[in-house]
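Here are the chains, one letter per residue:
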Amino acid sequence: MWVDEAVSESACCMGDSRSAIVIGGGLIGCSSAYYLCRDGWDVTLLERQKIGSGASHGNCGYVCPSHAMPLSGPGVVAHTLPSLFKRHTPLSIPARFDPSLWKWLLQFTRQCTNARMLHAANGRNALLASSMNLYREIVREEAINCEWTDLGLLLVYKSAKDFDNYKATAELLNRQFAIEAISYAGEAVKELEPSLKAGMAGGWHFPGDAHVRPDKLLSGLKTAIQRHEGVIRENVEVSSLRRDGARLASVETSQGSLTADVTVLATGAEAPQFAEAIGCRLPIQPGKGYSLTMQPLRNQPKIPMIFEEHHVAVTPMASGFRVGSTMEFTGYDRSINPKRLALLRKSAAEHLEEPLPATVDEEWAGWRPMSVDGLPCIGRAPGANNLIVAAGNGMIGLATAPATGKLVAEIASKQTPHINAEPYSLSRFA
Ligand SMILES: Cc1cc2nc3c(=O)[nH]c(=O)nc-3n(C[C@H](O)[C@H](O)[C@H](O)COP(=O)(O)OP(=O)(O)OC[C@H]3O[C@@H](n4cnc5c(N)ncnc54)[C@H](O)[C@@H]3O)c2cc1C
């Protein structure tokens, strides 16, 4: 509530009324607000611009249990990291002075062991698997028209060596998490997906994945929050969080001061700016990605695909076609680099029979909130026990949003969490 109309916390907690402020109107903030509303909280969601102004808008829409493995793993330091420093590659870190980025990279290299990789994979898998079930419930119960499609995800390889090498990961995913992947060698991959050019080395298909149109998902969630009596305030920017001892005293905004029993910080890649109130540093970097969205192609792919050598993803939607990805560590820079967009077009031209149209409906860039260990940060802030952080969902923020939101509501309500919350706790950074 706004402070000038505020009553004291004890008064506000009399009866059953419990108030929550959620900061950030991306998929994580909206999912948190949704589950808090469902749990009986009086929710106010604050968003600096419009709902879905951040990474949640133009992403590739994959609901992808197949993405349980983190970016970090044995061999990444030797093979992937050096290539990151090359210009004009899909993954890039332009050499520049940024102490927080260098510290993040150093911490990231420490994650690249088998044990750390499996720890992260377990935590990611729990969120991914739970979210798949929760999405099916929400989409049905709230009648969200987000173009939900159950056709899986296809990883496409031009190199026979890379295609063969993926077998070990496919087997690991199956052994650890019962995730099924089917191999299509040589021309079999074109038979599965005729929109591909001939001559691919092969593909791995994950039939258990699904995809959506992210902006439609967000508008469905917005309506659902309002239906459950949550209040959404757009164009309200949070400037600071004021702490009083071990509690958050107020949320300072562009439209005045607010108080609530619980505050949820879901500002994606920008969450680290509130480190002082949180009581610990959040090792999250903005990993900028791009997408191009256009009208449906005539020979539109049916199955979403990742062109693995380029890390470029394509998403067929009933209402359009999206080509996305690339990862740039250029700090909090919102500019759209035409060279990155050209890489997306180049990769599509090398893999798809039909050329992309010269003009598109939207050229977009967004910041993935990249946590250093591939696990999101979900839990009470070490510095303020009525502040809950939900950020750092990295490359799988859409695919993990419902379980993240449900966990936030369970933590706020002091319920037994539906999955083990320990891997996401902020105590790992305190
Ligand atoms: C190219 C690309 C493709 C991707 N593809 C996929 C995919 O296929 N599947 C998948 O699972 N994930 C994908 N992702 C990742 C996914 O988009 C993110 O993980 C997810 O959107 C993060 O959601 P969020 O709510 O944490 O952050 P955001 O969506 O960035 O939301 C944060 C919100 O907080 C608001 N905000 C920030 N600061 C303030 C403030 N001070 N006051 C008020 N409001 C504030 C912002 O305006 C923003 O709306 C992709 C990302 C990119 C870039």
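In case you missed it, the structure is sitting above this.
**Q** Which residues make up the overall build of the chain, and what values go with them?
**A** Of the regular secondary structure elements, the chain holds 11 helices and 20 strands. In terms of C-alpha radius of gyration, the chain reaches 21 Å, essentially the compact-globule figure of 22 Å for 430 residues. Based on the C-alpha atoms only, the size of the chain along its principal axes is roughly 70 × 45 × 40 Å. The buried share among the 430 residues of the chain stands at 57%. Across the chain, contacts joining residues at least 24 apart in sequence account for 76% of those joining residues at least 6 apart. Surface exposure of the chain reaches about 17600 Å², of which carbon and sulfur atoms provide 53%. On the chain, the mean spot of the 42 positive side-chain charges and the mean spot of the 43 negative ones are 5 Å from each other.

**Q** Account for the sheet that holds strand β19 (residues 377-381), naming residues and giving values.
**A** Spatially, β9-β2-β1-β13-β20-β19 is the arrangement adopted by the six strands of the open sheet, whose pairing is mixed. In this open sheet, the two edge strands, each paired with only one partner strand, are β9 (231-234) and β19. Going across the sheet, the axis of each strand differs from the next one's by a mean of 20 degrees, ignoring polarity. Here strand β1 (residues 19-23) pairs with strand β2 (residues 42-47) via five bridges, running parallel.

**Q** A description of helix α11 (residues 401-412) should follow, citing residues and the corresponding values.
**A** Helix length check: α11, at 12 residues, gives a terminal C-alpha distance of 16 Å against a target of 16 Å (1.5 Å per residue), a fit within 8%. By the criterion of burial, α11 is predominantly enclosed, with 11 of the 12 residues buried. Among all positions of α11, only Ala401, Pro402, Ala403, Thr404, Gly405, Leu407, Val408, Ala409, Glu410, Ile411 and Ala412 are buried. Buried positions along α11 lie against α2 (27-38), α5 (114-141), β13 (262-265), β19 and β20 (384-391). One or two steps after α11, the chain reaches Lys414, where phi turns positive at roughly 55 degrees.

**Q** Account for the pairing of strand β17 (residues 320-328), with residues named and values stated.
**A** Of all the nine residues making up β17, nine are buried; the element is thus mostly covered by neighbouring parts of the structure. Judged from the six bridges that link them, strand β14 (residues 284-294) and β17 form a sheet pairing that is antiparallel. Directly across from Met294, in β17, lies its bridge partner Phe321. Relative to β17, strand β16 (residues 312-317) runs antiparallel, the two sharing six bridges. Among the inter-strand pairings, Thr315 is bridged to a residue of β17, identified as Arg322.

**Q** Could you give an account of the state of the cysteines, naming the residues involved and the relevant values?
**A** Taken as a whole and assessed by the stated rule, the structure comprises zero disulfides. For the unlinked cysteine Cys112, the closest cysteine sulfur is that of Cys377, found at 17 Å.

**Q** Provide a residue-level description of the site of the ligand, including the pertinent values.
**A** Close to the ligand lie 36 residues; Glu47, Ser56, Tyr62, Gly394 and Ala399 are nearest. Tyr62 is positioned with one of its backbone polar atoms (N or O) 2.8 Å from an oxygen atom of the ligand. In the model, an oxygen atom of the ligand is placed 2.7 Å from a nitrogen or oxygen of the Ala399 main chain. Here the ligand loses 97% of its free accessible area of 1000 Å² to cover by the protein chains. When contributions to the shell around the ligand are tallied by element, the ones reaching two or more residues are α2, β14 and β18 (362-371). Among the residues forming the shell around the ligand, the class breakdown is 16 nonpolar, 15 polar and five charged.

**Q** Can you lay out the environment of Ser195 for me, pointing to particular residues and giving the numbers?
**A** Topologically, Ser195 is positioned in the loop between α7 (188-192) and β7 (202-206). The sequence separation of Ser195 and Leu297 amounts to 102 residues, and the corresponding C-alpha distance is 9.9 Å. Non-local contacts of Ser195, meaning those with residues more than four positions away in its chain, are made with Asn299, Gln300, Pro301, Met305, His351, Leu352 and Glu353. A distance of 2.7 Å separates a polar atom in the side chain of Ser195 from a polar atom in the side chain of Glu193.

**Q** Before we move on, can you summarise the side chain of Glu308 with the specific residues and values?
**A** Mapped onto the elements, Glu308 comes out in the loop between β15 (305-307) and β16. The side chain of Glu308 sits in the buried core without any salt bridge; Arg368 is the nearest counter-charge, 12 Å away. The residues touching Glu308, leaving out its near neighbours within four places in the chain, are Leu155, Val156 and Tyr157.

**Q** Talk me through the packing of α2 against α11; I want residue IDs and the actual numbers.
**A** α11 packs onto α2 with a crossing angle of 50 degrees between their chain directions and a minimal axis gap of 7 Å. The orientation of α2 with respect to α11, classified from their angle, is oblique. For α2 against α11, the interelement crossing comes out right-handed. Touching Leu27, Ile28, Ser31, Ser32, Tyr35 and Leu36 of α2 are Ala401, Pro402, Thr404, Gly405, Lys406, Val408, Ala409 and Ala412, all from α11.

About the criteria used
- Residues numbered from 1 in each chain as written.
- Predicted model: local features only at pLDDT ≥ 70, side-chain atom pairs only at ≥ 80, totals over all residues.
- Heavy atoms only, no water.
- Helix = DSSP H or I, 4+ residues; strand = E, 2+ residues; numbered from the N terminus.
- Rg over C-alpha atoms; globule rule 2.2 N^0.38 Å.
- Buried < 20%, exposed > 50% of the residue type's maximum accessible area, 1.4 Å probe, protein only.
- Contact = heavy atoms within 4.5 Å.
- Areas by Shrake-Rupley, 256 points an atom, 1.4 Å probe, with all protein chains shown as cover.
- Lys, Arg positive; Asp, Glu negative; His and termini not counted.
- Charge placed at Lys NZ, Arg CZ, Asp CG, Glu CD.
- Pairing = 2+ DSSP bridges.
- Axes fitted to C-alpha atoms, helices over the stretch in contact; angles between N-to-C directions.
- Expected span 1.5 Å × (residues − 1).
- Disulfide = S-S within 2.5 Å.
- Near = heavy atom within 4 Å.
- Polar contact = N/O pair within 3.5 Å; in protein donor to acceptor, adjacent residues only side chain to side chain.
- Nonpolar A, V, L, I, M, F, W, Y, C, P; charged D, E, K, R; others polar.
- Salt bridge = Lys/Arg side-chain N within 4 Å of Asp/Glu carboxyl O.
- Parallel < 35°, antiparallel > 145°, perpendicular 65-115°, else oblique.
- Left-handed = near helix turned anticlockwise from the far one by under 90°.

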